[in-house]
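# Analysis of the macromolecular model
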Amino acid sequence: MRVALWRLLLAPLTTLRALRLQRTSRSSFDFDSTWGQERMHHAPDEIEYLLRHCARTEDR
């Protein structure tokens, strides 16, 4: 399954907020960036996991 579909199924409110932010922003954000930003804003206790994920994707 694609990551976006997993995110929609597991965190639907965050996904909807990210889509809304992506559509209303003046600058062009990609979906991954907006989703991470919304998740950090609404679930700050998960920031450790998001930072680890970002570090793994930069290594690739």
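The rules behind these values
Residues numbered from 1 in each chain as written. Predicted model: local features only at pLDDT ≥ 70, side-chain atom pairs only at ≥ 80, totals over all residues. Heavy atoms only, no water. pLDDT = per-residue confidence, 0-100. Helix = DSSP H or I, 4+ residues; strand = E, 2+ residues; numbered from the N terminus. Salt bridge = Lys/Arg side-chain N within 4 Å of Asp/Glu carboxyl O. Buried < 20%, exposed > 50% of the residue type's maximum accessible area, 1.4 Å probe, protein only. Phe/Tyr/Trp six-rings, centres within 6.5 Å; stacked < 30°, edge-to-face > 60°. Lys NZ or Arg CZ within 6 Å of the ring centre and 35° of its normal. Patch = residues over 30% accessible without salt bridge, like charges linked within 9 Å, V, L, I, M, F, W, Y side chains within 5 Å. Areas by Shrake-Rupley, 256 points an atom, 1.4 Å probe, with all protein chains shown as cover.

## Some words on the confidence of the model for the protein chain
- Averaged over all residues, the pLDDT of the protein chain is 84; the fraction at 70 or higher stands at 93%.
- Taking the mean pLDDT of every element in the protein chain, the minimum, 75, falls on helix H4 (residues 47–59) and the maximum, 91, on helix H2 (residues 12–24).

## Description of the pattern of salt bridges
- By the definition in use, this model includes three salt bridges.
- Where aspartate 32 meets arginine 7, a salt bridge forms, and the shortest distance between an N and an O atom there is 2.8 Å. With aspartate 32 in helix H3 (residues 31–42) and arginine 7 in helix H1 (residues 3–10), this residue pair connects regions lying 25 residues apart in the sequence.
- Here glutamate 48 ties to arginine 52 by a salt bridge, and the two come within 2.4 Å at their closest N and O atoms. Residue glutamate 48 and its partner arginine 52 are both found in helix H4; the two are separated by four residues, about one turn of the helix.
- We classify glutamate 48 as partly exposed; its relative accessible area is 47%.
- Residue arginine 52 is classed as partly exposed on the basis of its relative accessible area of 46%.

## Quick word on the packing of aromatic side chains
- Throughout the structure, instances matching the rule amount to zero aromatic pairs.
- We note arginine 7 situated over the ring of tryptophan 35; from NZ or CZ to the ring centre the distance is 4.5 Å.

## Concerning a nonpolar patch on the surface
- A surface patch of nonpolar side chains, about 520 Å² in accessible area, is lined by Leu5, Trp6, Leu8, Leu9 and Leu10.
- Tracing the chain through its elements places leucine 8 in helix H1.

## Focus on the environment of serine 33
- With respect to the helices and strands, serine 33 occurs in helix H3.
- Sequence separation between serine 33 and glutamine 22 is eleven residues; the distance between their C-alpha atoms is 9.2 Å.

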